[in-house]
Amino acid sequence: MVDRTVHQEKIIKRYYENRDAIMLEKLGELASELYLAEGKRRQQLWKRAKTALTNLNVPEDKIDAMIARDDPASLAVFLKGKF
């Protein structure tokens, strides 16, 4: 078992309490970057977006459809519906 201080435990607890908000913010930043990215960088950004969407419990088929379209606007529309 890992020994953590009370302060560390509180930080970890707050992270998990706010995980959805953190993932949504991260996805917003990724959507902006996807508009400007090309090639390999764009693929890496979609991979990060997939991880964030998975953490938000978005259905796998919806994630795959978004990535297959390779359209940052679809990610932006999804985020608009979440806010």
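Cut-offs used in this document
Residues numbered from 1 in each chain as written. Predicted model: local features only at pLDDT ≥ 70, side-chain atom pairs only at ≥ 80, totals over all residues. Heavy atoms only, no water. Helix = DSSP H or I, 4+ residues; strand = E, 2+ residues; numbered from the N terminus. Expected span 1.5 Å × (residues − 1). Buried < 20%, exposed > 50% of the residue type's maximum accessible area, 1.4 Å probe, protein only. Arc of directions from axis to C-beta. Contact = heavy atoms within 4.5 Å. Axes fitted to C-alpha atoms, helices over the stretch in contact; angles between N-to-C directions. Parallel < 35°, antiparallel > 145°, perpendicular 65-115°, else oblique. Left-handed = near helix turned anticlockwise from the far one by under 90°. Nonpolar A, V, L, I, M, F, W, Y, C, P; charged D, E, K, R; others polar. Core = buried A, V, L, I, M, F, W, Y, C linked by side-chain atoms within 4.5 Å.

A. Spotlight on helix α3 (residues 39-55). Compared with an ideal rise of 1.5 Å per residue, which puts 17 residues at 24 Å, α3 spans 25 Å between its outermost C-alpha atoms and is within 8% of the ideal. Every buried residue belonging to α3 is among Arg-42, Leu-45, Trp-46, Ala-49, Ala-52 and Leu-53, and all of these are buried. Viewed end-on, α3 has its buried residues packed into an arc of 120 degrees, placing them on one side of the element. Turned more than 90 degrees from where α3 packs its buried face, Lys-40, Gln-43 and Lys-47 sit exposed. Each element contacted by the buried residues of α3 is listed here: α2 (19-36), α4 (60-69) and α5 (72-82).

B. Here's a closer look at the packing of α2 against α3. One can describe the packing of α2 onto α3 by two numbers: an axis separation of 9 Å at closest approach and a directional angle of 160 degrees. The angle between α2 and α3 places the two elements in the roughly antiparallel class. Once α2 is placed against α3, the crossing between them reads as left-handed. Together, Arg-19, Asp-20, Met-23, Leu-27, Leu-30, Glu-33 and Leu-34 of α2 and Arg-41, Arg-42, Leu-45, Trp-46, Arg-48, Ala-49, Ala-52, Leu-53 and Asn-55 of α3 make up the contact between the two elements. Of the residues in the contact of α2 with α3, the class split is nine nonpolar, one polar and six charged.

C. The arrangement of the nonpolar core in detail. Ranked by internal contacts, the top residues of the largest apolar core, which has 19 residues, are Leu-27, Leu-53, Leu-75 and Leu-79. Looking at this core, the elements with two or more residues in it are α2, α3, α4 and α5. Ranked by the residues each element gives to this core, the list is headed by α2, at six residues. What Leu-53 contacts, discounting residues up to four positions off in sequence, is Leu-27, Val-58, Ile-63, Met-66, Leu-75 and Phe-78.

Without other data, these values stay purely geometric and don't point to any function.
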